[in-house]
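Descriptive structure summary
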Amino acid sequence: MKKSLAAISFVFITFHTIAQMPWYHHTTIYQIYPRSFYDSNGDGIGDIQGIIQKLDHVKEMGYETIWCSPFFKSPQQDFGYDISDYCDIAPEYGTMADAQQLIDEVHKRGMKIVFDMVMNHTSVEHPWFKKDVAKGKDGNADFYIWADKPNNWKSMTGGSGWQYSKERGQYFWASFLPFQPDLNYRNPEVKKLMLDNVRFWLRRGVDGFRLDIFNVIYKDAALRDNPFSWKAVPDEKNPDGFFQKFKYTINQPESMQFAKELRAVCEEFGDRMLLGEVSGDRKTIRKFSGDEKNDGLGLVFNFEMLRYKFKASYFHKLVENIEKDFPNPFMPVYVFSNHDRRRSIKRVKDDMQKAKLLHLFQLTVRGVPCMYYGEEIGMTDARIKFKNGLDPIAQKMRKYPRFIFDWAGETPNRDELRTPMQWNANTNAGFSTNAKTWLPVNNNYTTINVEKEKGDETSLLQFVQRVLKLRNDMGALKNGDIEFVERGKLPKNVLAYKRKAGNSEILVVMNFSKSEKSVQLPDNFSNVLLSVSPAEKVTGNKLHLSSLGAVILSRQ
Ligand code: NOJ
């Protein structure tokens, strides 16, 4: 057995706990992709009643807030991210009454629910767009962004984002895909109507919104050309790409100002969550939350860990950096998977033990964890042929050979990570009674499913549930400061940090390596509250960590 001993010392890298924290700064978020969660009416597509039927399960797991990807009226060209009516529900998901019931049922269970607001663009089917197109350029119809001649702007998915409307005889701007025209927020009428849509749902009781591509909500008013850049591929920290610096299309100061306006609208209804999908380096995304005060979006996603490296040093550095840019009163959001990117378990070759460590980290670090449905059971990406991809991104990308994306560590066909939730080992993984589900169920559903893992105390599900329970019960984990154990004083590839709120104090120690490790514990931290496996042992002030072992300790 390879052993290394190390003394522990702490380095303070955050500020002290704030007394008053908004609820969404210490919550846990569970993302539901409605189409894939549970089909209550046997049409092969998940629906709102399906979510309602599974709420007890979500509650039992210990998640506090649910974020639902959009189920508003939509032609579903981008599966709901192309809305044609913000105040109605797509029939395949249910009715307005179902949506209201969902909000009420969530609240009955003492949980919160946030909807997904796609404010940047609508569907081409939205009546506003139809009106803009029909009125023509002299008809004062500028709900969208029109130009006689396209400038050089590239869309976020590559290629020019300008689309020609024959009927109007002009080009409209679409930041994402051609059927998602961007609204013109420089038109006060657009802003007013969209804020009315926001109020419509706040009045019905939603606890806030996840905001789709909020970073592009404003574009340069003069439509100036973007400068050249050598950067070919956008990434989490820098959205520039396709040989262009997105100077005039992304992260405009007006968008940050709009974040504050939106916050004020939410505050008319109390303490509501705004969680922005933004991109750029940490300092830039922080700006959407406000400058010194957290008076913009209460939260913004941090996506940099989507491409994590399974190494203690990586996580140490990550937190250290994030803490610098998101000190109190800001709160970082840690995202390891979502409906757009490959599932986090794929980066560790579907290793369940490693997935436990990832979850432990995400749920015990200072920040709001945002978890994607199925992550808690270790659902893996399916392999679906490009040519069969329903995802519009797959359709756009399938002219390129697949291996390029594999090599880049990306999944260009989002169908692969949106397969139906695996509830049990019955037909269709218990997701639907229909012979054909909207996407195929992953073949591994007989071994990876909720029912099976509920009955296995070594399962990922039970582990996640235990960590969530501890987090929910302990002030230190919910809203405590974080103090790091210096890396140099720990065995190689071991990470350790302390969380502290008032008298509540815990120590998390994780072994990211396959070899066993031994750590010398500070005096009283010898009470094991939770461990990855029974092999983790404390003898006196020495902690023995098994391969990929981890523990949460309190003082004796
Ligand atoms: C980002 C969303 O997460 C993604 O799923 C969607 O396709 C685009 N925005 C366009 O709305």
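As a reminder, the structure under discussion sits directly above these lines.
How each quantity is defined
- Residues numbered from 1 in each chain as written.
- Predicted model: local features only at pLDDT ≥ 70, side-chain atom pairs only at ≥ 80, totals over all residues.
- Heavy atoms only, no water.
- Pairing = 2+ DSSP bridges.
- Helix = DSSP H or I, 4+ residues; strand = E, 2+ residues; numbered from the N terminus.
- Axes fitted to C-alpha atoms, helices over the stretch in contact; angles between N-to-C directions.
- Core = buried A, V, L, I, M, F, W, Y, C linked by side-chain atoms within 4.5 Å.
- Buried < 20%, exposed > 50% of the residue type's maximum accessible area, 1.4 Å probe, protein only.
- Contact = heavy atoms within 4.5 Å.
- Polar contact = N/O pair within 3.5 Å; in protein donor to acceptor, adjacent residues only side chain to side chain.
- Phe/Tyr/Trp six-rings, centres within 6.5 Å; stacked < 30°, edge-to-face > 60°.
- Near = heavy atom within 4 Å.
- Areas by Shrake-Rupley, 256 points an atom, 1.4 Å probe, with all protein chains shown as cover.
- Nonpolar A, V, L, I, M, F, W, Y, C, P; charged D, E, K, R; others polar.
- Salt bridge = Lys/Arg side-chain N within 4 Å of Asp/Glu carboxyl O.

A word on the sheet that holds strand β20 (residues 537–539)
In space, the three strands of this open sheet follow the order β18-β21-β20, with antiparallel pairing throughout. Of all strands in the sheet, those bounded by a partner on one side alone are β18 (517–520) and β20. If you compare each strand with its neighbour and ignore which way they point, the axes differ by 25 degrees on average. Inspection of the sheet shows β20 paired to strand β21 (residues 542–545) by three bridges, in the antiparallel sense. Within β21, the position partnered with Lys-537 by the bridge is His-544.

Description of the nonpolar core
Counting 144 residues, the largest nonpolar core has Met-119, Trp-201, Phe-214 and Phe-361 as the members making the most contacts within it. Contact partners of Met-119, with chain neighbours within four places excluded, come to Leu-183, Tyr-185, Met-194, Leu-195, Val-198, Leu-211, Phe-214, Ile-217, Phe-258 and Leu-262. One finds Val-509, Val-519, Leu-521 and Phe-525 within the second-largest nonpolar core, a separate group that totals 13 residues.

Describing the sheet that holds strand β8 (residues 162–165)
The strand order across the open sheet built from three strands is β7-β9-β8, with neighbouring strands paired in antiparallel fashion. Two strands in the sheet have a free side with no partner beyond their single neighbour: β7 (146–147) and β8. Sheet topology places β7 next to strand β9 (residues 170–173); two bridges connect them, and they run antiparallel. Across the sheet, residue Ala-147 finds its bridge partner in β9, namely Tyr-171.

Description of the environment of Thr-28
If you trace the backbone, Thr-28 turns up in the loop between β1 (10–12) and β2 (29–32). In this structure Thr-28 comes out as buried when scored by relative accessible area, which is 0%. For the pair Thr-28 and Asp-415, spaced 387 residues apart in sequence, the C-alpha to C-alpha distance is 25 Å. Side-chain polar atoms of Thr-28 contact the backbone nitrogen of Glu-64, separated by 3.0 Å.

What about the packing of aromatic side chains?
The final tally for this structure, using the stated rule, is 46 aromatic pairs. An angle of 55 degrees between the planes, with centres 4.9 Å apart, marks the rings of Tyr-164 and Tyr-171 as tilted. An angle of 25 degrees between the planes, with centres 5.1 Å apart, marks the rings of Phe-315 and Phe-512 as stacked. Of the two residues, Phe-315 sits in helix α9 (residues 312–325) while Phe-512 sits in the loop between β17 (504–511) and β18, which places them 197 residues apart along the sequence. By relative accessible area, which is 0% here, Phe-315 ends up buried.

What about the site of the ligand?
Surrounding the ligand, one finds 13 residues, the nearest of these being Asp-78, His-121, Asp-212, His-339 and Asp-340. Between the ligand and the protein, one listed contact pairs an oxygen atom with a side-chain N or O atom of His-339 at 2.8 Å. Between the ligand and Asp-340, the relevant distance is 2.5 Å, taken from an oxygen atom to a side-chain nitrogen or oxygen of the residue. For the ligand, the protein covers 99% of the area, taking 290 Å² as the surface of the free molecule. Across the shell around the ligand, the residue classes break down as three nonpolar, three polar and seven charged.

Examining the pattern of salt bridges
Inspection of the entire model under this criterion finds 43 salt bridges. With a closest N to O distance of 3.8 Å, Asp-240 and Lys-245 form a salt bridge. With a relative accessible area of 40%, Lys-245 lands in the partly exposed category. Taken together, the salt bridges that share partners define one network made up of Asp-78, Asp-340, Asp-391, Arg-414 and Arg-418.

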